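Results of the structural survey
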Number of protein chains: 2
Amino acid sequence: MEADQLLLEQQLCFPLYAASRQLIRRYRPHLEALDLTYTQYITMLVLWEEQHVSVKTLGQRLYLDSGTLTPLLKQLERKGYLRRFRSREDERVLLVELTEAGRALRERAKPIPALVGSCLPLEPEETAELYRLLYRLLHTDPEQNQT
Amino acid sequence: MEADQLLLEQQLCFPLYAASRQLIRRYRPHLEALDLTYTQYITMLVLWEEQHVSVKTLGQRLYLDSGTLTPLLKQLERKGYLRRFRSREDERVLLVELTEAGRALRERAKPIPALVGSCLPLEPEETAELYRLLYRLLHTDPEQNQT
DNA sequence: CAAAATTTAATTGCTTACAATCGAATTATA
DNA sequence: TATAATTCGATTGTAAGCAATTAAATTTTG
């Protein structure tokens with residue numbers, strides 16, 4: 001019986017991983033117009049919600065570590081969408097804040113969720129259920145995340 | 001109203017992506033003992049099911065392209081788990097077949113799905129529902145995959 | 001207060017993803 | 001059957017992810 005569990009289709013990880021990459025692929029054409037990659041996009045989503053965010057906070061919200069975020073934030077800084085600076089209160093902390101260009105980008109990003117969402121083959125209540133299950137997976141977690 | 005859609009938590013892509021990476025992280029410690037990465041593991045899953053698989057078929061089953069698979073298969077060949085050879089019928093086609101070591105690895109992989117699955121905070125019927133929704137996402141797809 | 005422990009980002013190294021392009025082999029078609 | 005189109009895998013270049021390590025700043029504690 002264990003044998004069956006080794007079937008590709010029997011492993012939850014597989015459709016989760018494949019569906020995730022596929023959905024991200026659907027964002028790509030829309031994000032290209034904004035000169036953003038997908039990871040840069042979800043980083044911007046956080047920044048559009050909060051004025052000042054530390055790398056640590058970003059990492060906690062996005063489940064990403066500094067090894068991923070540091071080069072990504074430098075890239076976004078190069079593009080002119082944000083500024084990076086050390087906190088005066090605690091020099092260990094690097095804060096990130098949007099530039100005017102970064103805030104302006106928000107308007108151009110607004111249509112994207114609807115554009116991507118409209119081509120998903122799920123009913124609203126199915127989408128809601130998927131959310132619920134994914135957040136269950138995500139939140140009930142032993143070794144949370146890193147920095 | 002569009003503004004709300006730009007909230008990180010409102011985007012399906014985000015929990016999907018984060019949950020996917022988190023689940024893959026849970027495999028890592030078990031896979032390390034087999035000297036496999038996660039992507040190498042799902043590749044082995046396919047090979048444990050089929051004797052000879054072409055790179056194209058692998059790509060279709062895993063939703064990965066040759067740019068990902070070529071170096072990965074070379075790596076698995078270096079580890080001694082598989083052999084790569086051109087098809088005699090069609091020289092464009094590269095076939096992959098497990099070595100004895102590759103087949104033997106299957107036994108050591110058997111406990112992994114149960115080990116990972118047991119720490120998931122989902123009821124069996126919830127897991128089933130999650131499957132169903134993920135495969136809906138995955139299968140109903142316009143621009144399928146690449147090679 | 002000084003030393004130890006902790007926190008925070010940055011860096012390094014390795015492995016994906018994947019778009020784009022290429023070259024070789026095969027198939028279609030004019 | 002030549003040549004045009006297609007298929008297949010490999011290659012290249014960019015951007016993630018992430019473990020492990022490091023360095024600097026801060027906090028704890030002896």
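That block above? That's the structure.
To start, this report covers the structure provided alongside it. (Residues numbered from 1 in each chain as written. Chains lettered and ligands numbered in written order. Predicted model: local features only at pLDDT ≥ 70, side-chain atom pairs only at ≥ 80, totals over all residues. Heavy atoms only, no water.)

The next thing to look at is the overall build of chain A. Helix and strand counts for chain A come out as eight helices and three strands. Put simply, chain A runs from its N terminus to its C terminus through helices and strands in the order α-α-α-β-α-α-β-β-α-α-α. If you line up chain A on its principal axes, its C-alpha atoms span 60 × 35 × 25 Å. Per-residue burial for chain A yields a buried fraction of 49% across its 147 residues. Of the accessible surface of chain A, which amounts to about 7200 Å², a share of 51% is contributed by carbon and sulfur atoms. Taking the average location of the 20 positive side-chain charges in chain A and that of its 21 negative ones, the two points are 8 Å from each other. (Helix = DSSP H or I, 4+ residues; strand = E, 2+ residues; numbered from the N terminus. Buried < 20%, exposed > 50% of the residue type's maximum accessible area, 1.4 Å probe, protein only. Areas by Shrake-Rupley, 256 points an atom, 1.4 Å probe, with all protein chains shown as cover. Lys, Arg positive; Asp, Glu negative; His and termini not counted. Charge placed at Lys NZ, Arg CZ, Asp CG, Glu CD.)

Attention now goes to the protein's contact with DNA strand C. In the neighbourhood of DNA strand C, 29 residues make up the surrounding shell, with Y17(A), R21(A), K74(A), T37(B) and Q40(B) lying closest. For DNA strand C, the backbone makes up 81% of the atoms found within 4 Å of the protein, where backbone means sugar plus phosphate. In the model, a phosphate oxygen of DNA strand C is placed 2.8 Å from a nitrogen or oxygen of the R25(A) side chain. K74(A) has a polar side-chain atom sitting 2.6 Å from a phosphate oxygen of DNA strand C. Residues that form the surface near DNA strand C fall into these classes: six nonpolar, 10 polar and 13 charged. (Near = heavy atom within 4 Å. Polar contact = N/O pair within 3.5 Å; in protein donor to acceptor, adjacent residues only side chain to side chain. Nonpolar A, V, L, I, M, F, W, Y, C, P; charged D, E, K, R; others polar.)

Near DNA strand D, the surroundings consist of 30 residues, among which T37(A), Y17(B), R21(B), T70(B) and K74(B) are the closest. Atoms of DNA strand D within 4 Å of the protein: sugar and phosphate make up 80%, bases the balance. One of the side-chain nitrogen or oxygen atoms of R21(B) is found 2.7 Å away from a phosphate oxygen of DNA strand D. K74(B) has a polar side-chain atom sitting 2.6 Å from a phosphate oxygen of DNA strand D.

The subject of this paragraph is the relation of the copies chain B and chain A. Rotating chain B by 180° and translating it 0.0 Å along the rotation axis places it on chain A, where the RMSD comes to 0.0 Å. Accordingly, the operation relating the two chain copies is best matched by a two-fold axis. Mapped onto chain A, 100% of the interface residues of chain B again fall at the interface, so both copies present the same surface. (Least-squares fit on C-alpha atoms with pLDDT ≥ 70 in both. Contact = heavy atoms within 4.5 Å.)

Tallying the contact residues gives 63 residues for chain B and 63 residues for chain A. Carbon and sulfur atoms make up 63% of the area that chain B and chain A hide from each other, which totals about 6400 Å². Of all residues in chain B, L6(B), L12(B) and Y17(B) give up the largest surface area on contact with chain A, accounting jointly for 11% of the area buried on that side. For the interface between chain B and chain A, the tally reads four salt bridges. Linking E126(B) and R132(A) is a salt bridge whose minimum nitrogen-to-oxygen distance equals 3.1 Å. Linking chain B with chain A are 22 residue pairs in polar contact (both at pLDDT 80 or more), by the criterion used here. Listing elements by their share of the side of chain B that touches chain A, those giving two or more residues are α1 (2-5), α2 (13-32), α3 (38-49), α4 (55-62), α6 (100-109), α7 (112-118) and α8 (124-139) of chain B. Considering each element in turn, the side of chain B that touches chain A owes the most residues, 15 residues, to α2(B). (Buried area = accessible area lost by both parts, 1.4 Å probe. Salt bridge = Lys/Arg side-chain N within 4 Å of Asp/Glu carboxyl O.)

Across all of its chains, the model carries 22 salt bridges over all chains by this definition. For the salt bridge of E129(A) with R132(A), the shortest nitrogen-to-oxygen distance reads 3.3 Å. Here E129(A) pairs with R132(A), and both are found in helix α8 (residues 124-139), just three residues apart, close to one helical turn. Between E100(B) and R103(B) there is a salt bridge; the shortest N-O distance is 2.9 Å. Of the two residues, E100(B) and R103(B) both sit in helix α6, three residues apart, roughly one turn of that helix. The exposure class assigned to R103(B) is partly exposed, which follows from its relative accessible area of 39%. Among the charged side chains, a network of salt bridges with common partners joins E126(A), E129(B), R132(B) and R136(B).

This next bit is on the nonpolar core. Looking at soluble globular proteins, one finds that nonpolar side chains tend to be buried together. Core analysis: the largest hydrophobic core is formed by 102 residues, its most contacted members being Y41(A) and Y41(B). When near neighbours in sequence (up to four residues on either side) are disregarded, Y41(A) contacts Y27(A), L31(A), L36(A), I112(A), P113(A), L6(B) and Q11(B). (Core = buried A, V, L, I, M, F, W, Y, C linked by side-chain atoms within 4.5 Å.)

Residue and element names in this part refer to chain A. With respect to topology, three strands assemble into an open sheet ordered β1-β3-β2, the strand pairing being antiparallel. A single partner strand is all that each edge strand has here, and the edge strands are β1 (52-54) and β2 (82-86). On average, each strand axis in the sheet is inclined to that of its neighbour by 30°, with strand direction left out of account. Where β2 and strand β3 (residues 94-98) come together, five bridges link them in antiparallel fashion. By the bridge assignment for β3, F85 is matched with L95. (Pairing = 2+ DSSP bridges. Axes fitted to C-alpha atoms, helices over the stretch in contact; angles between N-to-C directions.)

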